[in-house]
Amino acid sequence: APKMSKLVDTVHRNTGAQFELIAGTALANMAASVQGHANVELYAPTETPTSLSIYGIGPSGSGKTTVENLITKPIKATEMRAKKERENLYREYKCKLEIHNAKKHELKRKLRKIAGKGGNTEDTEIKLLNLVKNEPQQPLYPRFIIESSTALGLREAVYNNPFSIFQLSSEGGNALSSGALSDFALQNALWGGEYISRDTATTGN
């Protein structure tokens, strides 16, 4: 509570914005920050994510965007660092995948050669199966903050970052009319802490 009060007072002095606006924005950021570390136990053993849904109304010039930018700055900076780290991991993944595919191609060539001569391919088959099982996995794309998202966009964000999602919008109309909020089945599943599957024609579940 002392840290929360200090934050609200500091932002109020610097911006002149209303205490309610600052506190609501801070609470939303706090919820997004701790989602990956704690759940709320409704009744044992049912747990739900640490989540808040906050809406505020402020006239033009009340400092909504300024307050949002100030308080969300650490989360946005964390997201940017994660994206840069992912770029390095992705380059490493591409290199490992090329090595993996070269090995797989060589084992297949060897398998065809042995089989063509009527030899025993069991050892080569085992090596090929083990190689396939250990195929390099593409690093997930970190995305904590989503704005004016569609339902599909939100599902994609949850898939890539299952620990914390921050739905943010400085325009109430955009937030309430977004496809993500109109997908009630998805919203209920998120709030209830249920398992969410993503079924697609190309990649499966």
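Residues numbered from 1 in each chain as written. Predicted model: local features only at pLDDT ≥ 70, side-chain atom pairs only at ≥ 80, totals over all residues. Heavy atoms only, no water.

(A) Representation of the overall build of the protein in the model. If you tally the helices and strands in the protein, you get eight helices and four strands. Along the chain direction, N to C, the helices and strands of the protein fall in the order α-α-β-β-α-α-β-α-β-α-α-α. Projected onto the principal axes, the alpha-carbon positions of the protein cover approximately 85 × 35 × 30 Å. Per-residue burial over the protein gives 28% buried out of 205 residues. Residue pairs in contact within the protein that sit at least 24 positions apart in sequence constitute 57% of those at least 6 positions apart. Surface summary for the protein: the accessible area is close to 14100 Å², and the carbon and sulfur share equals 55%. (Helix = DSSP H or I, 4+ residues; strand = E, 2+ residues; numbered from the N terminus. Buried < 20%, exposed > 50% of the residue type's maximum accessible area, 1.4 Å probe, protein only. Contact = heavy atoms within 4.5 Å. Areas by Shrake-Rupley, 256 points an atom, 1.4 Å probe, with all protein chains shown as cover.)

(B) Highlighting helix α8 (residues 184–192). Those residues of α8 not exposed but buried are Leu186, Gln187 and Ala189. End-on view of α8: buried residues confined to an arc of 165 degrees, all on one side of the axis. Residues of α8 that are exposed and angled more than 90 degrees away from the buried face: Phe184, Ala185 and Asn188. Contact partners of the buried residues in α8: α5 (151–160), β4 (166–167) and α7 (179–182). (Arc of directions from axis to C-beta.)

(C) Expanded view of the pairing of strand β2 (residues 46–49). The sheet contact formed by strand β1 (residues 39–43) and β2 spans four bridges and is antiparallel. Bridging from a neighbouring strand, tyrosine 43 pairs with threonine 46 of β2. A loop of two residues connects β1 with β2, the two strands running antiparallel in sequence. (Pairing = 2+ DSSP bridges.)

(D) Structural context of the nonpolar core. Membership of the largest hydrophobic core is limited to eight residues, which are Ala28, Ala32, Ile75, Ala82, Phe144, Ile145, Phe166 and Leu168. Elements that contribute at least two residues to this core include exactly α2 (19–34) and α3 (64–116). Dropping the residues within four chain positions of it, alanine 32 is found in contact with Ile75, Ser164 and Phe166. (Core = buried A, V, L, I, M, F, W, Y, C linked by side-chain atoms within 4.5 Å.)

Bear in mind that shape data such as this cannot, by itself, settle questions of function.
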